[in-house]
Amino acid sequence: MFCKASLIAVALALLSSATPVAQESGSTIALTKRGSLTKDDGTFDHDMAIYSTVRTHNKHRQNMINMERNEGRLPAGASIKPARVFRMPHQKRQKEPLTDEENDLEWAGTVSIGTPGQSFLIDFDTGSSDLWVPSVNCTSSTCSTKHKYNAATSSSDVKKPGTFSILYGDGSTVSGPIYTETVNVAGIKSTGQYFSPVNTLSDSFSNDPIDGILGLAFPAISNLRQNPFFSNAVQERAVKSGVFGMKLASSGSELYLGGTDTSQYTGSIEYHSVTGSGFWQASGAKILLSGKSVITGFQTVIDSGTTIMYGPPSAVQTFYKSIPGSKLYDSTNGYYSFPCKSVPSVSFNWGGKNWVISAANFNLGQTYQGSGQCVGALAGQDLGLGNNVWLLGDSFMKNVYTAFSFDKNSVGFATLS
Ligand SMILES: *[C@@H]1O[C@H](CO)[C@@H](O)[C@H](O)[C@H]1NC(C)=O
């Protein structure tokens, strides 16, 4: 656990001193740690978890809206769910300003936009496809602590027609005009990169050190209907290969652009073909409990912008039924508990290795101090992503090295070194 003040200090230090480390084939960008849904006292942070679920729900709702508009149709069984709204209890936030309560929920690193470059602390999100940062014209209090993009001081800005608008977890929107710019991430430059400097920024970002989001998924879910940063960099041959790798851990998290960072994993990468058009999605998955298969034949979306893991409500119910002593904890948000003294050994398999989720990554903490029941990092939630589609966020990604290959149109996993 760490406090907000130190997190912001780290973030600011990164902003001023981020020097990309050039490697043989690609570039590394250091990421700061994502906060957890567990409080300092070891109990489950229920409000933060609901907030996180609602933010995930609205993000993927927006992805489906974008996909239907861009592609003219949705994947089988997919739908546009009603938007959800959740406001963090205000008093609680004020009372605990420097606790885990206020943790950010992203893997953040720096990005430079414009000429000369303006620096921003950005959440790298493999589950969305747009780039936005606050605009100098954003006058709301939420923007007061943020780095803001100013077109007037850049020589490479081009204003484009239209507006960008997406809904976030507290029901408010993030919106602004559309520009193209030169965007630089760890020395990898994308020119003519579409992005939005936003004029309205929802309150939910006020206690969050990040300035904006950079999507790393496919153009099919882009709200701007344009190539996301990495796709554009690949097209412009700014990187040697159309591959990026992510290591998400409590320390030493990084994004590697233009290949995979072989110092971070051992053995080979187990690749699986991407299915569908919008996401880093692999089919033929199964979930195992203590090495025994419980549910088979589903799809998985690998999303660094989601904190936990979600599956269809009925499948997740079946899964927890096979764990002795497990109980439904929050029926609205699909959270379950299990006896803390025996954290289930959960793994996913796509036809190769069993990729095991550590007890620390599966256990979100006790339902209350001394309860003996702990909440699991897998929740039942219909996000509208389609039949049998599960969403695997950090609770999964923290256990593996993940490779995202546009070259092979595949997503792969390797054993962390
Ligand atoms: C902000 O407002 C000014 C003045 O209206 C305008 O010229 C500029 O393009 C706006 N946007 C940004 C991102 O600077």
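Calculation criteria
- Residues numbered from 1 in each chain as written.
- Predicted model: local features only at pLDDT ≥ 70, side-chain atom pairs only at ≥ 80, totals over all residues.
- Heavy atoms only, no water.
- UniProt positions renumbered as here; feature names shortened; annotations may be inferred.
- Helix = DSSP H or I, 4+ residues; strand = E, 2+ residues; numbered from the N terminus.
- Buried < 20%, exposed > 50% of the residue type's maximum accessible area, 1.4 Å probe, protein only.
- Contact = heavy atoms within 4.5 Å.
- Polar contact = N/O pair within 3.5 Å; in protein donor to acceptor, adjacent residues only side chain to side chain.
- Near = heavy atom within 4 Å.
- Nonpolar A, V, L, I, M, F, W, Y, C, P; charged D, E, K, R; others polar.
- Core = buried A, V, L, I, M, F, W, Y, C linked by side-chain atoms within 4.5 Å.
- Domains from an automatic or database assignment.
- Expected span 1.5 Å × (residues − 1).
- Pairing = 2+ DSSP bridges.
- Axes fitted to C-alpha atoms, helices over the stretch in contact; angles between N-to-C directions.
- Arc of directions from axis to C-beta.

Let's shift gears to the UniProt feature "active site" (unreviewed entry) in the chain. As annotated by UniProt and renumbered to match this structure, "active site" (unreviewed entry) occupies Asp125 and Asp303. Over a stretch of 179 residues, the named residues converge on one spot in the fold, their C-alpha atoms separated by at most 6.8 Å. Here Asp125 lies in strand β4 (residues 118-125). Residue Asp125 is classed as buried on the basis of its relative accessible area, which comes to 2%. If sequence neighbours within four positions are ignored, Asp125 has contacts with Lys59, Ile213, Leu214, Gly215, Leu216, Ala217, Asp303, Ser304 and Gly305. Among the polar contacts listed, one links the side chain of Asp303 to the side chain of His60, at a separation of 2.9 Å.

Quick look at the site of the ligand now. The immediate surroundings of the ligand are formed by Ser135, Val136, Asn137, Tyr149, Asn150, Ala151, Tyr179 and Pro197. Within the side chain of Tyr179, an N or O atom sits 2.6 Å from an oxygen atom of the ligand. Its residues placed into classes, the shell around the ligand shows five nonpolar, three polar and no charged.

Soluble globular proteins tend to bury their nonpolar side chains together. Phe124, Val185, Phe348, Trp350 and Phe396 are the most contacted members of the largest nonpolar core, which totals 91 residues. It is helix α2 (residues 46-71) that contributes the most residues to this core, seven residues altogether. When we break this core down by domain, the ones giving at least three residues each are domain 1 (37-85 + 107-247) and domain 2 (261-416). Sequence-distant contacts of Phe396, defined by excluding residues within four places in its chain, comprise Ile302, Met309, Phe348, Trp350, Trp355, Ile357 and Phe413. In terms of nonpolar packing, the next biggest core, distinct from the first, is built from 16 residues, Ala108, Cys138, Cys143 and Ile213 among them.

As a further point, take α2. Taking 1.5 Å per residue as the helical rise, α2 with its 26 residues ought to reach 38 Å, and the 37 Å between its terminal C-alpha atoms agrees with that figure. When you tally the buried positions in α2, you get 20 out of 26 residues, the bulk of the element. Trailing α2 by a residue or two, Gly72 shows a phi angle of about 80°, which is positive.

Here is the key point about a regular strand: its side chains alternate between the two faces of the sheet. Across six bridges, the pairing between strand β13 (residues 281-289) and strand β14 (residues 292-302) is antiparallel. Opposite Ala285, over in β14, you have Phe298 as the bridge partner. Linking β13 back to β14 in an antiparallel pair, the connection comprises two residues, with Ser290 at a positive phi of about 50°. One ladder, built from four bridges, connects β13 with strand β18 (residues 346-349); its direction is antiparallel. Each residue of the ladder has a partner; that of Leu288, found in β18, is Ser347.

With omega at -5°, the peptide bond leading from Thr115 into Pro116 counts as cis. Relative to the helices and strands, Pro116 resides in the loop between β3 (108-113) and β4. Of note in this structure, Asn388 is not a glycine but carries a positive phi near 55°. The residue Asn388 is located in the loop between β22 (378-380) and β23 (389-392) in this model.

On to the sheet that holds β14, then. One open sheet holds the seven strands; their spatial order is β19-β18-β13-β14-β23-β15-β22, and the pairing between them is mixed. Of all strands in the sheet, those bounded by a partner on one side alone are β19 (354-357) and β22. Taking the axes of each pair of neighbouring strands and ignoring which way they run, one obtains an average angle of 35° across the sheet.

Another aspect to go through is the environment of Asn66. Within the secondary structure, Asn66 is located in helix α2. A residue is classified by how much of its surface remains accessible, and Asn66, at 3% relative accessible area, is buried. Placed 157 residues apart in sequence, Asn66 and Asn223 show a C-alpha to C-alpha distance of 5.4 Å. Beyond its immediate stretch of four places on either side in the chain, Asn66 contacts Asp130, Ala220, Ile221, Ser222 and Asn223. Of the polar contacts made by the side chain of Asn66, one reaches the side chain of Asn223; its length is 3.0 Å.

This part takes up the sheet that holds strand β20 (residues 363-366). The four strands are arranged β16-β17-β21-β20 in an open sheet whose pairing can be described as antiparallel. Each end of this open sheet is capped by a strand with a single partner; those strands are β16 (327-330) and β20. On average, adjacent strands in this sheet sit at an angle of 40° to one another, irrespective of strand direction. Bridge count for β20 against strand β21 (residues 373-376) is two bridges, and the pairing is antiparallel. Across the sheet, Asn363 pairs through a bridge with Gly376, a residue of β21.

So, about helix α5 (residues 313-321). Every buried residue belonging to α5 is among Ala315, Val316, Phe319 and Tyr320, and all of these are buried. Buried residues in α5, looked at end-on, bunch into an arc of 135°, giving them a common side. Projecting away from the buried face of α5 at angles above 90 degrees are the exposed residues Ser314 and Lys321.

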